[in-house]
Amino acid sequence: MKRNILAIADELSDQDLHARLCLLAGKEREDSMELVAHLAILDRRPAVYASQGYGSLFAYCTQALRLSEDAACNRIEAARACRRFPVILDLLAAGEVTLTSIRLLGRHLTPENHRTVLPKASGRSRRQIEALVAELAPQPDVPSSVRKRPTFIAMPPAAAPAITSVPSEPTPANAPPSPPALPPTPRPIVRATAPERYRVQFTIGPETHERLRRLQALLRREIPDGDPAVIFDRAISLLLERVEKAKLGATVRPRPIRPETDRAVRKPAPRSRDVPRAVKRAAWRRDAGQCAFVSASGRRCSERAFLEFHHVQAYAKQGPATVENISVHCWRHNQYEAELIFGPHRQNPNEKRNGGDG
């Protein structure tokens, strides 16, 4: 049956596929809202899930309803917030807020602030919701610290638990022992803790740690306490300046574009793909460092990563590298517009991604 659904979806036209996905997403929001509403009532009737042999609402959600742990947490927190403020159900059904947003905001909502906070949360990303939470419940700055992570030692063979599963392939007798499995490294953290304040957390290796210590020693006069946050700010400022200069042609004293005299900008070499630095600076500033692609419905792409300089009139069709003809596009929309002109691009697996028409 699942294969039939895939076959039916594969036969849809692009427009019908988009319309069907929008319809299914709306139905999922409605179903999710209804599930949350029922969980809100169930939360007030613990005897219902207790009589079924479940000791908590979480156990009922994960075992009886077969929800993942994350999905159960989101829906339980949302259900409890909706019971206090039923207007959240309408926002969930309309897609104005997500279950994750409500989980993050729920404990900070009060009868006094929910009418102003919920509209602010409408349509916000998780990072923006975290910033909103930081406004509602600001936290003090975390103290700067540099600590060595604990070393994890593998259990000796005698203490290791017996393996009950049979390996799919036999292990050669002379095969080297497998390295000990280390716990997964947590993702780096950049999180708002208060208005205009952010907590940054990551792990560095011994070489980077040694460079940090050397910097702390060399900058002891300027930064007496050796605060890594101050050093991080200076280092990232220097790196950003260098990267912007290399990628965007940024400079302290940019040369203005003069159409009547600047032949390098107005009339680039006929067969050169190079975009002059002045054009890069102007296009980047005009498009505000965001993909400038606008769909037929008027929606502008929100991507700010993997951006490239795109020829509006394709380079292969004699498009010039002028401010008017160069715009900032994400890789996907650069490739998309190239395919509209030249057809689908069949990329060799060993070929580097080059970003469409340039």
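Here is a short report on the structure shown in this document. (Residues numbered from 1 in each chain as written. Predicted model: local features only at pLDDT ≥ 70, side-chain atom pairs only at ≥ 80, totals over all residues. Heavy atoms only, no water.)

**Quick look at the overall build of the protein chain**
A count of helical and extended segments in the protein chain gives 14 helices and four strands. Expressed as a percentage of contacts within the protein chain between residues at least 6 apart in sequence, the contacts between residues at least 24 apart total 54%. As displayed, the protein chain offers around 26,400 Å² of accessible surface, 55% of which is attributable to carbon and sulfur atoms. (Helix = DSSP H or I, 4+ residues; strand = E, 2+ residues; numbered from the N terminus. Contact = heavy atoms within 4.5 Å. Areas by Shrake-Rupley, 256 points an atom, 1.4 Å probe, with all protein chains shown as cover.)

**Side note on the pairing of strand β3 (residues 307-311)**
Across the five residues that make up β3, a large majority, four, are buried. Here five bridges tie β3 to strand β4 (residues 326-330), and the two strands are oriented antiparallel to one another. Paired with His310 across the two strands is Ser327, which belongs to β4. (Buried < 20%, exposed > 50% of the residue type's maximum accessible area, 1.4 Å probe, protein only. Pairing = 2+ DSSP bridges.)

**Considering helix α7 (residues 99-106)**
Counting buried positions over the eight residues of α7 gives six, a clear majority of the element. Of all the residues in α7, the buried ones are Leu99, Ser101, Ile102, Leu104, Leu105 and Gly106. Contacts from the buried residues of α7 go to α2 (14-43), α5 (69-84), α6 (87-94), α8 (114-121) and α9 (126-136).

**Regarding the nonpolar core**
Among the nonpolar cores identified, the biggest contains 36 residues, and Val36, Leu57, Cys61, Ile88, Leu92, Ile102 and Leu105 are the most heavily contacted of them. At the level of secondary structure, the elements contributing two or more residues to this core comprise α2, α4 (57-64), α5, α6, α7, α8 and α9. Among the elements that take part in this core, α5 stands out by supplying seven residues, more than any other. When near neighbours in sequence (up to four residues on either side) are disregarded, Ile102 contacts Ala78, Ala81, Ile88, Leu92, Val97 and Leu118. (Core = buried A, V, L, I, M, F, W, Y, C linked by side-chain atoms within 4.5 Å.)

**A few points about the pattern of salt bridges**
For the coordinates displayed, the defined rule picks out five salt bridges. Taking the shortest distance from any N to any O, the salt bridge between Lys27 and Asp31 comes out at 3.2 Å. Taken together, the residues Lys27 and Asp31, both in helix α2 and four residues apart, mark about one turn of the helix. Between Arg286 and Asp287 there is a salt bridge; the shortest N-O distance is 3.1 Å. Of the residues examined, Arg286 reaches a relative accessible area of 41% and is grouped as partly exposed. For Asp287, a relative accessible area of 6% translates into the label buried. (Salt bridge = Lys/Arg side-chain N within 4 Å of Asp/Glu carboxyl O.)

**Some thoughts on the environment of Arg107**
Relative to the elements of secondary structure, Arg107 occurs in the loop between α7 and α8. Residues Arg107 and Ala81, 26 residues apart in the sequence, show an inter-C-alpha distance of 7.7 Å.

**A short note on the packing of aromatic side chains**
Here the structure, examined in full by the defined rule, presents four aromatic pairs. Ring centres 5.5 Å apart and planes at 85° place the aromatic pair Tyr54 and Tyr60 in the edge-to-face group. Given a relative accessible area of 19%, Tyr60 falls into the buried group. Seen from their ring centres, Phe293 and Tyr336 are 5.7 Å apart, and the 90° between their planes marks the pair as edge-to-face. (Phe/Tyr/Trp six-rings, centres within 6.5 Å; stacked < 30°, edge-to-face > 60°.)

**Describing the packing of α7 against α9**
Their axes nearest at 10 Å, the elements α7 and α9 cross at an angle of 15°. In terms of axis orientation, α7 runs roughly parallel to α9. For the crossing formed where α7 meets α9, the hand is right-handed. Where α7 abuts α9, its residues Thr100, Ser101, Arg103, Leu104 and Leu105 lie against Arg126, Ile129, Glu130, Leu132, Val133 and Leu136. When grouped by side-chain class, the residues that make up the contact of α7 with α9 number six nonpolar, two polar and three charged. (Axes fitted to C-alpha atoms, helices over the stretch in contact; angles between N-to-C directions. Parallel < 35°, antiparallel > 145°, perpendicular 65-115°, else oblique. Left-handed = near helix turned anticlockwise from the far one by under 90°. Nonpolar A, V, L, I, M, F, W, Y, C, P; charged D, E, K, R; others polar.)

**As for the side chain of Gln290**
By the secondary structure assignment, Gln290 is in the loop between α13 (277-286) and β3. By relative accessible area, Gln290 is classed as buried at 15%. When residues no more than four places from it in sequence are discounted, the contact partners of Gln290 are Arg300, Cys301, Ser302, Glu303, Arg304, Leu307 and Val328.

**Considerations on helix α14 (residues 331-342)**
Relative to the 16 Å expected for 12 residues at 1.5 Å per residue, α14 spans 16 Å between its end C-alpha atoms, a close match to the ideal helical length. Among all positions in α14, only Trp331, His333, Asn334, Gln335 and Ala338 are buried. On its buried face, α14 is in contact with β3 and β4. Taken from the residues just after α14, Gly343 is the one with a positive phi, measuring 90°. (Expected span 1.5 Å × (residues − 1).)

**Some details on unusual backbone geometry**
At Ala288, a residue that is not glycine, the phi angle is positive and equals roughly 55°. Looking at the element boundaries, Ala288 is found in the loop between α13 and β3. Notably, Gln318 is not glycine yet its phi reads approximately 70°, a positive angle. Take Gln318: it is sitting in the loop between β3 and β4.

**Examining the packing of α5 against α7**
At a closest axis distance of 8 Å, the pairing of α5 and α7 adopts a crossing angle of 65°. Considering how the two elements wind past one another, α5 and α7 form a crossing that is left-handed. Between α5 and α7, the contacting residues are Cys73, Asn74, Arg75, Glu77, Ala78, Ala81 and Arg84 on the first element and Leu99, Thr100, Ile102, Arg103 and Gly106 on the second. Looking at the contact of α5 with α7 residue by residue, the class counts come to five nonpolar, three polar and four charged.

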